[in-house]
Every structure is written in structure tokens, then in C-alpha cells.
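Chain by chain, the residues run as shown.
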Amino acid sequence: VAKRYYLSKVITVDGPFGPERRAKVLTQSGVRAGVQLLHPSGAWALVILDATNHVSLIADLDNRDLPDLSLDIKWNAMGSVAQRRLEHTLAHFGIPTSVFTEPTLVDAYRDVIDRIGQLAEPTFTTNNFDVS
Amino acid sequence: MPAFLTETFTVTSDTALSSRTSDSGHTWTLHPNTSSGSILVDASTDTARATTTAASIYYSSATPTNADYDTQADLVVKTVAGITGVCARLSTSATTYYTLLYYQTNGRWEIYKAVSGTSTLLGFSSQTLTDGASYTFRLECIGTAIKAYVGGTQVISVTDSSVTAAGRPGVVTQLVSATDTTGMHLDNLSATDVGGGGTTYTSTLTGAVTLAGTAVKRTGRLLTGAPTLAGTVSRQTARALAGTLTLAGTLAKQTARVLSGALTPSGTLSTALVKLLDLAGTVTSGGTMTRQISRVLAGVVSITGGIARLTTRALSGSVTSGGAAVGEEIGDLPAFDYPLSLDLNGPRRVSLSQGRKVELG
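So, a few notes on the structure that sits alongside this text.

This next bit is on the overall build of chain B. Across its full length, chain B holds zero helices and 33 strands. Sorting the 361 residues of chain B into buried and exposed places 54% on the buried side. Within chain B, contacts between residues separated by at least 24 positions form 41% of all contacts whose residues are at least 6 apart in sequence.

Dropping the structure here:
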């Protein structure tokens, strides 16, 4: 069991209170716990989830897991491979990669997640986006 | 803080919830948008249970002081069935609220928001419930921080700003018509104001704060107003500050991770730790700054006294000190062509990462 951040396509499902928009990755089997933040446009959702096996989730191209790194790792220490992968993931969902550098260069991986979340919810913080 | 609503559902005969007065003296009203709903207070169990599978939402007449409060109850599991939960910030007219409920079909605790009838799942956490057991669960709403606790353990934490009005605490059931021996019942419900009292805890603050006294510990996670502190602040944490922070007294410890406004302490920053990850504003100190850490500095730091230790990892603004700078260190200058100026009267030491270049005039 491990938690990981995802960006996911948003789909409409039948919930207990009627049709609702939900991150596709949270509708798939094997997810034990998760929280989602839907972008108002419906183009994407930021998710953190706890699953026994992420392989099947990652296999769905509508879901893109974000680098499985400590949030405290410095941006400069993440390595170019992880940085490029983040860029491609963001581009896939139409999220501007300027979140890395504007208004200032991010300090740590946490800041990247924070800035992505704040595109959907201005008060978003990774400190208040978690499951157990 | 004492609970402003307490309800043990203790009755001598079966009573419709809408006819019930809580232990704290408050009444329950069936929400107008769930007019087919029905919840009964069962005299044989002293619990509340659904008597219809239709959605049932009731709100209490108890009024919270503000929108920051929690709603807690015991989920008494006779048999696991349907949906049972509590609500907070429940509008008495619109279908607008936050709810924490247990949903038998999915086998998990779920937080939903409803805004004018449109429901959205915010988060969930799986748990297999046992027939005959009881589970204490709590929905906490503080600013935009919406959290779920089960058995005292936080299981869901999410940020949402859709429902800001205080509304009322409430209860919800659906998809189950329970009996005294079946279904999921509610017991020991309470609602408590949080965030008030002698210690201020503000998750999201959009107004100004003025403190005339001492703030022993103050946490403003997301602060867009302009706090003015006339007294001493022994510990101040503002993660995101868009306004101006003005201090007339001493700042013993200050942590501002993201500061886009100005920090202007007129007193001494004798033991101050200012950790400014992203600073777009101005820091001006009339006294001595013994330790200053600014990781990403786009603004201006002006110190009329000495700087015992200054660490700036990425500096695109300027630092001006009227006194000596001892142990000054600048590292990790980004690979951008930032304008950079340093004007320090005292001794200086500049450490640069490999491949970086700096010209000192």
C-alpha cells in the first residue's frame, strides 16, 4: 500500500446523490483511499490516492502518476528525468509548465504540487490534501 | 470549546426526529429538499435511524458562532446498510453542505460537498465495519480545510472553498430503512465551535488581524489580509501571506514561506528566523537581524543594523545592510540572468554553486 499523486481525466459517474464528476483514477479498482481536486474546467483532477497496486492505474493513459518522490526534495535535486516527466504530464492535461518558474523558481517538489493545486483551488496546500 | 449542540437521542418512546428537542435544547427540521425523508429516534436503542430509503437530511436549530466547527457522532452499526452521516455548513434552504458519511455500497467513509444540489465527492477512505460495533466519526470544517476523523484518527483531509457560510450542523441518511436491530444508527451527536478562544488558529484569513496583546503561537496558513501586531509575537507562522505584516514589537520567531507583501518590523529581530521561500515584497528592519534565511528573494531586504547570518539561496533583488554582515552566505544562484546587487559594509563571504559566476562592483 502506497500513496501517490496523480493527474487524471475527469468523468461523470452516478453517485449516491446523482450524476457527479469524478477523477477517473478514483473510480478504478484497487484504490483504498483518495482525495480529488477537480479543476473548474473539468479538464483534469489532482489526486492523491492509496492503492495496493499502482501498475493497473498507471496503465490507463487517462491517469498519469506524478513522480514518487518526497515532497521535500529540492527541485534542483529531482533530476532532469523527473523534471521532464513532470513537464510531459502537465502538458498532457494542458497545464502550463510555467508553474515551475512563475512567479519564482520552485524550491521543492512540494511547491510544484501546491502550484498545480492552486490552479484549481487558490487555497490549496499539500498539507491539507491527504488520506490514510 | 464547549459544544453548541449535544444530542444523545434519549427518549422514552419512539419519536420523529422533527419532534425531538436535543439535550442542548435545539430542534430538528427536515430539509425542504428532502421532503420524502424520515428519521426516527428509537426508544429501545436511544439512537436515530432512517425509516425510509429516500434521502433524509435534517438540520439543527443550533447556530454555530462562525463557519469553523465540527460535527461528531457515533455510528452504531446494527447491520451495515445504506448511507448514514453528519453534515456541516448545511443551508436551511438550498442543498448546500459538506457531509461525512459511511457508504455501505463502497465500504468507505466519504466526504461530499453539495452546492445548490450538485454533489461532488471530495475524498474517501475505506474501512470494513463490523455489525454490533460503534464508530465515532467527526467532520471538521475550518476555513477551507475539510477533514474527516474516525476513532480520533484523521482519515481524509482536503481543501475546498465552495461552502463558506456557517449554516447548521445536520444528519443525513439514504438507501436504508433501518429497524431497531438493522441498519446504521446515529448516537451521541455534538457540534463544537473550533478555532476560537485564547489561541487563534486561522486556516484561511481574508481580512486583517490586529493583535494588541501577545500572540504566543499564531498560525495563519493562508493570509491575504494585513495583520498588524502591536504586541510580542513569540512564534508566527504564515505560509502564504499576500498582505503586509507590520510588527511594532519584537518578533522572536517568524516563518513566512510565501510572502508577496511587505514585512516591516520596527522592533528588533533579535532571534528572528525569517524563512521566506518566495518573497516578492520588502523586508525592512530598524533593528538588528541576527539570522535571516530567505530562500527565494525577489524583493528588497534593507537592514539598518547588522546581519549576523544571512542565507539567501536565490536572490534577484538587493540586500542593503548598514552594519556588519557576519557569516553571510549566498548559494544556489539560479541559472537566470537576475539583476543582483549587494551593498554590505562589513566583511562578506559569497559561496557559489559550481558553474555560477558573480561580479562584485
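Spatial ordering of the open sheet is given by E6(A)-E1(A)-E5(A)-E4(A)-E11(B)-E10(B)-E9(B)-E8(B)-E15(B)-E6(B)-E3(B), a layout of 11 strands whose pairing is antiparallel. Edge positions in the open sheet fall to strand E6 (63-65) of chain A together with strand E3 (28-30) of chain B, since each of these has one partner strand only. Averaged over all neighbouring strand pairs, the angle between strand axes comes to 25 degrees, with direction disregarded. As paired elements, strand E10 (residues 108-115) of chain B and strand E11 (residues 118-126) of chain B share eight bridges and run antiparallel to each other. From the neighbouring strand, Val115 of chain B faces E11 of chain B, where its bridge partner is Thr118 of chain B.

All names here are of chain B. Along the chain, the position of Ser56 falls in strand E6 (residues 56-60). Judged by relative accessible area, which is 0%, Ser56 ranks as buried. Within the structure, Ser56 has its side chain in polar contact with the backbone nitrogen of Ser38 (distance 2.9 Å). Ser56 has contacts with Thr34, Gly37, Ser38, Ile39, Val171, Val172 and Thr173, leaving out every residue within four places of it along the chain.

Across the boundary between the two partners, chain B contributes 38 residues, which contact 33 residues of chain A. Considering only the surface of chain B that becomes buried against chain A, Phe124, Ser157 and Thr159 of chain B emerge as the three largest contributors, covering 19% of it. Applying the counting rule to chain B against chain A returns zero salt bridges. Linking chain B with chain A are 16 residue pairs in polar contact (both at pLDDT 80 or more). Considering every element that reaches the side of chain B that touches chain A, the biggest residue donor is E11 of chain B, with eight residues. Along the lines of polarity and charge, the residues of the side of chain B that touches chain A split into 18 nonpolar, 12 polar and eight charged.

Now for the nonpolar core. Of all hydrophobic cores here, the largest spans 69 residues; its most connected members are Leu46 of chain A together with Leu75 of chain B. The element that contributes the greatest number of residues to this core is helix H3 (residues 109-120) of chain A, accounting for five residues. If we skip the residues at most four places from it in the chain, Leu75 of chain B touches Thr84, Tyr102, Trp109, Leu129, Ala133, Ser134, Tyr135, Phe137, Met184, His185 and Leu186 of chain B. Of all hydrophobic cores here, the second largest spans 18 residues; its members include Leu38 and Val47 of chain A together with Tyr103 and Leu121 of chain B.

Here we come to the packing of aromatic side chains. Residues and elements named next belong to chain B. In the structure shown here, the tally under the stated rule is six aromatic pairs over all chains. Pairing Tyr102 with Trp109 gives two aromatic rings, centres 5.2 Å apart and planes at 75 degrees, and the pair type is edge-to-face. For Trp109, a relative accessible area of 1% translates into the label buried. A connected cluster of aromatic rings, assembled from ring pairs, spans Tyr102, Trp109 and Phe137. Taking the ring centre of Phe124 as reference, the NZ or CZ of Arg108 above it sits at 3.6 Å. Above the plane of the ring of Tyr149 lies Arg138, whose end atom (NZ or CZ) is 4.1 Å from the centre.

So, about H3 of chain A. Burial analysis of H3 of chain A places 10 of its 12 residues in the buried class, which makes it a mostly covered element. If you check which residues of H3 of chain A are buried, you get Tyr109, Arg110, Asp111, Val112, Ile113, Asp114, Arg115, Ile116, Gly117 and Ala120 of chain A.

Below, the discussion takes up the pattern of salt bridges. If charged atoms from side chains of opposite charge come close, those side chains can pair. Residues and elements named next belong to chain A. The final tally for this structure, using the stated rule, is 19 salt bridges over all chains. Here Asp68 makes a salt bridge to Arg4, at a shortest N to O gap of 3.6 Å. Of this pair, Asp68 sits in the loop between E6 and helix H2 (80-92) while Arg4 sits in strand E1 (residues 2-8), and the two are 64 residues apart along the sequence. The exposure class of Asp68 is exposed, given its relative accessible area of 53%. By relative accessible area, which is 18% here, Arg4 ends up buried. Ionic pairing is found between Asp60 and Lys24, a salt bridge with its closest N-O pair at 3.1 Å. Residue Asp60 is located in the loop between helix H1 (55-59) and E6, and its partner Lys24 is located in the loop between strand E3 (18-23) and strand E4 (31-38); the two are separated by 36 residues in the primary sequence.

Calculation criteria
Residues numbered from 1 in each chain as written. Chains lettered and ligands numbered in written order. Predicted model: local features only at pLDDT ≥ 70, side-chain atom pairs only at ≥ 80, totals over all residues. Heavy atoms only, no water. Helix = DSSP H or I, 4+ residues; strand = E, 2+ residues; numbered from the N terminus. Buried < 20%, exposed > 50% of the residue type's maximum accessible area, 1.4 Å probe, protein only. Contact = heavy atoms within 4.5 Å. Pairing = 2+ DSSP bridges. Axes fitted to C-alpha atoms, helices over the stretch in contact; angles between N-to-C directions. Polar contact = N/O pair within 3.5 Å; in protein donor to acceptor, adjacent residues only side chain to side chain. Buried area = accessible area lost by both parts, 1.4 Å probe. Salt bridge = Lys/Arg side-chain N within 4 Å of Asp/Glu carboxyl O. Nonpolar A, V, L, I, M, F, W, Y, C, P; charged D, E, K, R; others polar. Core = buried A, V, L, I, M, F, W, Y, C linked by side-chain atoms within 4.5 Å. Phe/Tyr/Trp six-rings, centres within 6.5 Å; stacked < 30°, edge-to-face > 60°. Lys NZ or Arg CZ within 6 Å of the ring centre and 35° of its normal.

Taken by themselves, the reported measurements are silent on function.
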